[in-house]
Structure formats: structure tokens, C-alpha cells
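Chain and residue survey
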Amino acid sequence: MTPREPDHRPQRRAVDPKTGRLYRIVRAFKAPPQAVRKARLDNVALVPASLLPYKAQYQAIANRQVPGTTLLVLPEGDSLPRQTLERVATRMRTKGQLVRTMLGSKFREGPR
């Protein structure tokens, strides 16, 4: 086997002498390509899957925001996904992120 070929043989895992348990094998990740490292996201939108047909509408709203803003579209009612997204918004704001929240019912009123 040459040095450039990856080694696909199973590795023997070391055993902890005290417990007899196997150690984990941790492999290092390679650095991402340079194009990915230099990419910068303008805005991010977190949207419930039920609103995917309205992508053009919320994408237009997200694109009008200040770069770096996160748009969170909240589902109707007092559901667990809504509570989770509200907690995400709160945590992002405490870390200094720009966050805009909207109700999902706003998109269902207009045309697709």
C-alpha cells in the first residue's frame, strides 16, 4: 500500500486497562475547500416545513433584511415547535444576533 492510499482496514481499538471498555477512535476532519471557507451567508431563515410552498415570500423578506439577520417564522398556536423557535430567538438575541420573528399565518393570507 502506498502512502497516498487510504487505509480501509479495520483498526484495532485499544482497551482501557481499568474498565475493559474500548476506546473510541476519533478521526480528524479535513479542512473544507477554500470556497466554502470564504463563503459568507447574508441572511438565514428558519421556517416550519408547512410553509415551504411560500418560500418566495419569506425569501424576499429575508433578502430585504440587514446582512446577518436571522428570520424566524413562527407557526400558529401555542405548539412545541413555536416555543422552541421562540427560545432560539431569545438565545440568539442574547448572543448579539439580529433576529426578526414573523407569524406563519401572514404568508398563508397572500398568494403563493
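Read on for an overview of the structure. Just so we're clear, the structure is a prediction, and the values are computed from it rather than from any experiment. (Residues numbered from 1 in each chain as written. Predicted model: local features only at pLDDT ≥ 70, side-chain atom pairs only at ≥ 80, totals over all residues. Heavy atoms only, no water.)

Some words on a nonpolar patch on the surface
Taken together, Leu 41, Val 44 and Leu 46 make up a surface patch of nonpolar side chains, about 270 Å² in accessible area. In this fold, Leu 41 is placed in the loop between α1 (34-38) and β1 (44-46). Among the residues examined, Leu 41 registers a relative accessible area of 71% and is labelled exposed. (Patch = residues over 30% accessible without salt bridge, like charges linked within 9 Å, V, L, I, M, F, W, Y side chains within 5 Å. Areas by Shrake-Rupley, 256 points an atom, 1.4 Å probe, with all protein chains shown as cover. Salt bridge = Lys/Arg side-chain N within 4 Å of Asp/Glu carboxyl O. Helix = DSSP H or I, 4+ residues; strand = E, 2+ residues; numbered from the N terminus. Buried < 20%, exposed > 50% of the residue type's maximum accessible area, 1.4 Å probe, protein only.)

What about the sheet that holds strand β3 (residues 99-103)?
One open sheet holds the three strands; their spatial order is β1-β2-β3, and the pairing between them is parallel. Each end of this open sheet is capped by a strand with a single partner; those strands are β1 and β3. Ignoring which end each strand starts from, the neighbouring axes of this sheet average 20 degrees apart. Relative to strand β2 (residues 70-74), β1 runs parallel, the two being bridged by three bridges. In the sheet register, Val 44 faces β2, and the bridge partner there is Thr 70. Helix-sheet contacts for helix α2 (residues 55-63) involve β1, β2 and β3, and the interaxial angle to β2 is about 145 degrees. Its contacts with the sheet place helix α3 (residues 80-94) against β1, β2 and β3, and it is angled at close to 155 degrees to β2. (Pairing = 2+ DSSP bridges. Axes fitted to C-alpha atoms, helices over the stretch in contact; angles between N-to-C directions. Contact = heavy atoms within 4.5 Å.)

Focus on the pattern of salt bridges
This structure, assessed with the given rule, holds one salt bridge. Glu 86 is the partner of Arg 82 in a salt bridge, and the nearest nitrogen-oxygen pair spans 3.1 Å. Of the two residues, Arg 82 and Glu 86 are both situated in helix α3; the distance of four residues between them amounts to about one turn of the helix. What makes Glu 86 partly exposed here is its relative accessible area of 34%.

A word on the nonpolar core
Ranked by size, the top nonpolar core spans nine residues in total: Leu 51, Tyr 54, Tyr 58, Ile 61, Ala 62, Leu 71, Val 73, Met 102 and Phe 107. Sorting the residues of this core by element identifies α2 and β2 as the ones contributing at least two each. Among the elements that line this core, the one with the most residues is α2, at three residues. If you look at the next biggest cluster of nonpolar residues, it comprises six residues, including Leu 74, Leu 85, Ala 89 and Val 99. (Core = buried A, V, L, I, M, F, W, Y, C linked by side-chain atoms within 4.5 Å.)

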